[in-house]
Amino acid sequence: MESQRRGSGNDDGGGRGLLHIWKGYSYSVAPEKLLLPHSVLQVALGRNHGALLVEGGQVFTFGHCPWKQSQVAQFLAPTLESALSGQRVIAVAAGSFHSGAVTEDGGVHMWGDNTDGQCGLSGLSLVPNPTPIALADSDSSLSTVPVKELACGEQHTLALSVQHEVWAWGSGCQLGLSATVFPVSKPQKVELLAGRCVLQVACGAKHSLALVRCLGPQDTQRPPADKCGQCKQLLYTMMDKEDHVIISDSHQCLPYLEQPEDDEKLKTPSTNSTLKLSPSEPALSSKTSTPPPQSVSPVPVNNSDPTQFENVETQESSLAAQELPASDFDLSDTKSSGAPSAKSSPYPDEQAVKEYLKKLSDSTQAEKTPKVTIGGLHTLLPSAAGLISASSNNPLNNLVASCASAVGERVASTYEALSLKKMMNMYLPTGALRSAGPVRQMAADPRAGENTTEPVREEDSVQAKKSCSTGDIHEEEAERLHRRLSLPGLLSQVSPRLLRKGGRSKTDAASFTSSGMAAPADREVLPCLQTEVWSWGHGEHGQLGHGDNLDRLQPLCIKSLNSKEVVRVGAGSHHSVALTAQSQLFSWGSNSHGQLGHMESPSTVPRLAKLSEGIRVWDVSAGERHTLLLADGDCIQPIIYYSGEQVKEGTRDHNKQEEGEEKDSFDGYTQQPVLLPFCMNLGFVSSVFAGGQQCMALSDKNVMGFIASLHELASAERKFYSKLCSIKTHVISPLLGLDSLSTTLGPVIFRLTRTLASQFGHLCHLTGQHAVSLTVNLRRSRSIKSLFILDHTEIFLDSYNEYSSTLDEFHVMGGYLTLTKPTLDLFGKSPELLQKLTECSEGNLSTTDLLVVLFCLPMLHLQEYGRLLLKLATCFEVCSNDYQRLQDSCSKFEALDLVLKKKRKEAEYTFLFWKGFPGKMTDSLRKAHRRLICESSNKALTLQNAGRFSVNWFILFNDALVHAQFSTHHVFPLATLWVEPVPEDNTGLYGLKLITPEEMFTLLASSALEKAKWIRCINQAVAQALGLGEGQKFEPPICRSSTYTFYKDGRLKEATYEGRWLAGKPHGRGMIKWPDGRIYTGSFKNGQEDGFGEFVAPNKTLNKNDHYQGHWKDGKMHGVGTYRYANTEVYEGSYQDGLRHGHGMLRSGKLNTSSPSVFIGQWVHDKKTGYGVFDDITKGEKYIGMWQDNMRQGTGVVVTQFGLYYEGSFKDNKMMGNGILLSEDDTTYEGEFSDDWTLNGKGVLTMANGDYLEGSFSGEWGAGPKVTGSYFKPHLFETDKDKIQSVKLGRLCVSAEEKWQAVFDECWCQLGCESPGQGDIRKAWDNIAVALTTNRRHILDSPERLSRSHSRTLESLEVIPQHVGLITMERYHTIHRYLMKACDTPLHPLGRLVEALVAVYRMTYVGVGANRRLLPQAVIELKSYLNRIFQVVRFLFPDLPEDGGIIREPVDLQEKESDVKGERLSEQEASKQNQTLKMEWSYRSHMVSSLALLLPVLLPRLYPPLFTLYALDKEREDDVYWECVLRLNKQPDLALLAFLGVQQKFWPLSVSMPAPAEHLQVLSTTKDICFASAVETLQQISTTFTPSDKLHVIQLTFEEITKEVQSLLKQDFLWSMDDLFPVFLYVVLRARIRNLGSEVNLIEDLMDPCIQHGEHGIMFTTLKACYYQIQHERIT
């Protein structure tokens, strides 16, 4: 070994991971360097041995290793563990007599002493070489659990898995398992820590520690478990008994534990060692008084002294009153103490609760438990429930002392038992202490009273179990003696208001505490500072930190370390240490040799080690009876402190010392940590290690200055964090805690102060996390690869930027001056604390200046970041990636520093400006975010044409331009400000024009330079206000988006506009809101609503909104739109200048309201004027006619649901003048009317049979009108037949050409024509293209409006067909296809026209309008549509012939000539014929008609109402026809053919049928077989719409008949009408077409005239003849 050591002081070699070893702390100690082939990465020290992890993942062991087979007692030099070859080890651990290693894949290898199962292997007492063991989790999908860290004690081992769970094996209560037999050789999970994120584990000789992340909001929302993780039994039970709520936590699944006899190990359970353990024991319960560190013994209790209980309570309270030293940087106002204090109780009268609970507990216990005396001590006999207690304090006193602080928890349990969890989560403070009385264990033999037993305690608190759920209780007699807590009337005594009050923090700084400063999600890569320390195992020396000397079988949180930001824990043999992020060291446990670093007592709770001011500890390790600290000193190089025993030099010989020897030689011990004088010679120490009596340190040589720079960065960050914490704790937190702070500061500055404090807290927390991250980097890799500040520079930049912005706002608003008074009230007029924190050399700074320095202190650290990163960068080659990364980060920090300095100057400039500004204006203009850019107090800028004595002061801020005059001012937001230079024009005036939404004025500058300066400043400020960045030459766009509220009188007063602007006017898409609730959203143009938009106006009377959606022009509704009124009326149609004008439809009311009606027609200036249709559903009437000023005026038609028909004159909304009235039975009156349905004057009344009355009539129709006149019967005398009255309808109604003129006018208007046919064709096609493009954009914005087929139609319509030039048949068909597509979409003007016509046609002739007397008008109206649409089409295609015109198309002459040659003519005749062809037949003719071109477009849409009218008109004839069809169809085929006179040669004797029968013989009984194909063809006539399609069906029917007859005759055949008619009649009968008469009349009325005399015309005549023949057919 000596050959591998040499003195450290003389070594000048380079390298990393240099290992130094020594003992004690005397000045004569010189550390020795342990030489190894590789750099050491980690050291683990046991009592007499150690393990070294070196670079490359190899492991060396040294020291006394009796488990090695080669030697037993000899001291072992560092030897490679060859069993681990091939494995890359990442961590090592050493217990007292065993070791462990973790490999890269998460595997665990153990070796050494295995007497207690600490190596995880059964059946072996010694494990000589590293042997793998497996952690098997039945709940996980992984076969073995990967491990990241190990910790070894004397008899046990802990493993921390990658999933942050703790596993344990070995012996003793320090395992934290519910094991009943020891040793535990198979690793088991510590269930009480399952579900929590464990960050680190540490093992003492017989105790364990775990560093655990605090539960975040996402964890606390998980429902708590209500069953034990071990035995699955209910943890809590509850029952109501009279006025008591009883909660029982007597659940028990814990093992029996044998008392250790001297140093014997725990092996087998004893029947006398039954433990009664409760999960509700306190975190800091009644404690045993601790004498000086050398001896620890409980206080005896003598029953003979009646005041003994009081004395014990006095000792308890005195110990509880000793407030633990809170962290210097703890921001919480609630005191962190070792015992519950009165202030920590959430209840106002805790003493009353204590007394009541004490009385209750005493009475209950007196009834149930008799007392006996054993060994002079009061003890409790074992009860039926197994309750055994041996305690230095009476359990009843413990219960009373702890129950008051546990009331919050009991209320939680009770409320949850009553299913009120949500209420408690709201009211109960999260930090409520959980405590109750202890239960001590006692052996059954009399020696138990002599305190020879080792106290064992299980702490299974609610907080440890993370559960307060309750189960059902079955109250039985045997359970009465179980431990319980009874809270009579608790729910009625504690109000939620008190709970809420108790849960509130005293100060308003809740968001400022460390728990409120949790890092955002993107900072999870940083170490967590919200941690807890949990401990368990043996506690005889107080090493568990719970304020007592009791043992814990399961993990329990050390409450006093909560909120201390513990980042590392360590365990010596019998003491524990915790290192915080603020570089403070807490220690507790055995202090027999001063190893705790302080001499305070009791040492059973964590206390701060006594270190000089400015010493910041950042690494710690605990040995057997000493502690080693690594800290920052005054220089960059780390220093080492030692605390504990002094080992005599040369007194211990490793070669002769017996294993397990307890007595060690030492020469005194330290009272507090002492500086090791040789530490400066070790270089840059990165970590220290302690174990047994050994001390070790790992150091690095400062190659290229890199190590020094890395240490300097980490040290600076730790120092900075400590400084921030001091400011936070001693200045900011006390200030925020002042009760009168909000009233003193005022609401604005108070809000800014809170925001500033919150930002300071976030910055402080980030710094703390970064400091810990840098410390971890020093202990491990010492490289820049893992530097968080390089990978996440933006997080730091954003945090500093936010803090600086808030700081500037605070300064601008005069926050420092306002905060001075509260500061003086708090710190006095000579605030030495502030001066000390600022570290200013100047002693005469005012309190305000001191506050400025303190709050600006974080900003100085930006320069420090830049300097240190640059210093690190110089350690690398300039061309390396590392250098580039460091340089980039350095540049970012330096750039941000410059930007923030500039902003601070702007804030200072603004603050000084406000100091000299008039007070009244300051209050209204001073805003936190507002910064001064320039102002015209030096007369540099004046208003043109201002009065002589006027004062005009222009102030340019970063968000507005202020124009101040005497006592008034106006603010112009920069986002809606435009500036233009005014041309000078040799006038000598330097003007600039300012444009705002409501004003425009010209300013005059004092010089050209001043003019340029103001234009540049305003443009830059506007660009910055728009978020476009800054630039010397940057001009903001003239078109922009912004928000503005109008203030001047007018239509837009107090309205707020948000949207696009152009040169001071709303232009483009935007939204405007008025204070009365009106809202317009849509397009604007030159400051007014223009284009498509939506408007909402509230109707206060009906408490509903009017809603308009449509087109606008010049701020008014103009064009097509839909207006939904609050009274449920809906208008769809055209507007002009905000009024209903043009074609539109108004729906009024609903079907179940008083006046439902629908009007569709023409409007003029918001009134019904022109032609229109009004459908009054309540009266059952429909008016079709002319209107004027909302009244029926002129000619019109009225039809009713009862079949009445009137046509004639109307005046003043009444039937007045000449008219014709027809009833359903054809009774007709033609004469004068004076009112609706009222006859008055001369007239003729014609009966259905032809009789008529002629005379004077008066009275209402249907109510017995009076008649004076003559009665005629024309049928009586042949001479009177010429007097038969025949009434012609349609004479007194509106002509078809006058109907719906407004609809056609709108179409012409869309095409750009002022009147029909008068306009430019190019402009018309341009308008069509614009309409399609605009509507296409609407479809893209809302695809659900039109179907996919419509979208495809639009795409095809984008191609405009050729519309000028000679029309050929090919172009004619192209035009026809284009029209079909154009009329298929309402987005095309023609399509919109067709859609409107379909709507009005249906509106006219559907419902009540379905009156047979309207058929002639409906047909004429349809033809009128076709003519007027054809006029539009001819306008678009001007070369198209007029209706009835001819398209002459040239044909191929050779084709004609060949046809002529085909005929057998003489040469002379052929030549003559060809000559004639060339002259006359070179063109083929085709007639153009509106019916052929447009009827296929229009008729399918109008077919249902039109055919209904035909069916009603032909109802009688069709009924006669149908009756005959049904009668004749009863006959078989042959009989019917014979009856109809069909010649027998046309009778099919057999009919071809599909397989299997090829032919079917026609018998006398066969029916519906003959001419079946022709019958099926004719039946299709009902499925077609247009006459041409129906005629085509008839043609196909004739062809089918011919085909069948030819196959029958087997020769060509020419029909004669005499032969054809009977056969066709047969086919018509068998086709059974229900409304054949209607079909025939429709074809006749709408057939194209050009085919009336052709082949189709003859076929139609045949069908018509068949119809009349069937009507008059008689069966003989």
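The model shown is predicted, which means the values in this text are computed figures rather than measured ones.

Undergrad: Would you take a moment to explain the environment of G117 for this structure?
TA: Its place among the elements puts G117 in the loop between β10 (108-113) and β11 (126-133). Note: C-alpha distance between G117 and K186 (69 residues apart in sequence) is 8.4 Å. Setting aside chain neighbours within four positions, we find G117 in contact with W169, G170, P183, V184 and S185.

Undergrad: Can you help me understand the confidence of the model for the protein chain in this one?
TA: Low-confidence regions, as indicated by low pLDDT, have predicted coordinates that should not be scrutinised in detail. Of the residues in the protein chain, 73% reach a pLDDT of 70 or more, and the chain-wide mean stands at 78. Here residues 363-523 is a poorly scored stretch, pLDDT under 50, and it has 359 contacts once near neighbours within four places are set aside; other chains count. Every residue in residues 1456-1464 is under pLDDT 50, and counting partners more than four places away or in other chains gives 9 contacts.

Undergrad: Quick question: what am I supposed to make of the environment of Q1417 here?
TA: Looking at where Q1417 falls in the secondary structure, it is placed in helix α26 (residues 1415-1436). Residues Q1417 and V1294 lie 123 residues apart in sequence; the distance between their C-alpha atoms is 9.4 Å. Those residues in contact with Q1417 that lie beyond four places of it in its chain are V1197, Y1205, E1207, C1293, K1299 and Y1405. There is a polar contact of 2.8 Å between the side chain of Q1417 and the side chain of Y1205.

Undergrad: Help me out: how do you make sense of the nonpolar core in this one?
TA: W22, L628, I640, L787 and F855 are the most contacted members of the largest nonpolar core, which has 102 residues in total. Looking at which element gives the most residues to this core, the answer is helix α10 (residues 706-736), with 16 residues. By size, the runner-up hydrophobic cluster in this structure holds 76 residues, among which are W1300, V1398, L1414 and F1437.

Undergrad: Can you walk me through the pairing of strand β23 (residues 531-537) in this structure?
TA: Along a regular strand, successive side chains alternate from one face of the sheet to the other. Within β23, 7 of the 7 residues are buried, which leaves the element mostly enclosed by the surrounding structure. By the alternation rule, side chains of β23 split into T531, V533, S535 and G537 and E532, W534 and W536, which are all buried. In the sheet, strand β17 (residues 207-213) pairs with β23 via 7 bridges, with the strands oriented antiparallel. Across the sheet, V212 pairs through a bridge with E532, a residue of β23. Pairing analysis gives 3 bridges linking β23 to strand β24 (residues 552-557), with the strands arranged antiparallel. Each residue of the ladder has a partner; that of S535, found in β24, is L556.

Undergrad: What's the story with the packing of aromatic side chains in this structure? I'm lost.
TA: Between two aromatic rings, the relevant description is the distance of the centres plus the angle of the planes. Applying the stated criterion across every chain, the model contains 60 aromatic pairs. Centre to centre, the rings of F760 and Y803 are 6.0 Å apart; their planes meet at 65°, and the pair counts as edge-to-face. Of this pair, F760 sits in helix α12 (residues 747-779) while Y803 sits in helix α14 (residues 793-812), and the two are 43 residues apart along the sequence. One exposure class covers both F760 and Y803, and it is buried. For the pair F913 and W953, a centre-to-centre distance of 6.1 Å together with 70° between the ring planes defines the contact as edge-to-face. Separated by 40 residues along the polypeptide, F913 in helix α18 (residues 881-915) and W953 in strand β38 (residues 953-957) bring together distant segments of the chain. Residue F913 is classed as buried on the basis of its relative accessible area, which comes to 11%. Over the ring of F957 we find R930; its NZ or CZ atom is 5.5 Å from the centre of that ring. Directly above the ring of F1159 sits K1168, whose terminal nitrogen or CZ lies 5.1 Å from the centroid.

Undergrad: What's the story with the sheet that holds strand β6 (residues 58-64) in this structure? I'm lost.
TA: Adjacent strands of a sheet pair through backbone hydrogen bonds, lying either parallel or antiparallel. The 4 strands are arranged β4-β5-β6-β7 in an open sheet whose pairing can be described as antiparallel. The open sheet is flanked by β4 (40-45) and β7 (75-80), the only strands paired with a single partner. The sheet shows a mean angle of 15° between the axes of neighbouring strands, direction not considered. Relative to strand β5 (residues 49-54), β4 runs antiparallel, the two being bridged by 5 bridges. Looking at the pairing, A44 lines up with A51 of β5.

Undergrad: Please explain the side chain of T823 as it appears in this structure.
TA: Here T823 is to be found in helix α15 (residues 815-827). Of the residues examined, T823 reaches a relative accessible area of 1% and is grouped as buried.

Undergrad: What exactly am I supposed to notice about the packing of α15 against helix α17 (residues 847-873) here?
TA: The axes of two packed helices give the description: the angle between them and the distance between them. Relative orientation of the contacting elements α15 and α17 amounts to 105°, with a least axis distance of 9 Å. If you check the angle between α15 and α17, you find them roughly perpendicular. For the pair formed by α15 and α17, the contact residues are Y816, L817, L819, T820, T823 and L824 on the first element and T847, T848, L851, V852, F855 and C856 on the second. Of the residues assigned to the contact of α15 with α17, the class counts are 8 nonpolar, 4 polar and no charged.

Undergrad: What am I meant to see in the sheet that holds β17 here?
TA: With antiparallel pairing, the 4 strands of this open sheet are ordered in space as β16-β17-β23-β24. Across the chains shown, the open sheet's two edge strands, defined by having one partner strand only, are β16 (198-203) and β24. For this sheet, the mean angle separating the axes of adjacent strands, direction not counted, is 15°.

Calculation criteria
Residues numbered from 1 in each chain as written. Predicted model: local features only at pLDDT ≥ 70, side-chain atom pairs only at ≥ 80, totals over all residues. Heavy atoms only, no water. Helix = DSSP H or I, 4+ residues; strand = E, 2+ residues; numbered from the N terminus. Contact = heavy atoms within 4.5 Å. pLDDT = per-residue confidence, 0-100. Polar contact = N/O pair within 3.5 Å; in protein donor to acceptor, adjacent residues only side chain to side chain. Core = buried A, V, L, I, M, F, W, Y, C linked by side-chain atoms within 4.5 Å. Buried < 20%, exposed > 50% of the residue type's maximum accessible area, 1.4 Å probe, protein only. Pairing = 2+ DSSP bridges. Phe/Tyr/Trp six-rings, centres within 6.5 Å; stacked < 30°, edge-to-face > 60°. Lys NZ or Arg CZ within 6 Å of the ring centre and 35° of its normal. Axes fitted to C-alpha atoms, helices over the stretch in contact; angles between N-to-C directions. Parallel < 35°, antiparallel > 145°, perpendicular 65-115°, else oblique. Nonpolar A, V, L, I, M, F, W, Y, C, P; charged D, E, K, R; others polar.

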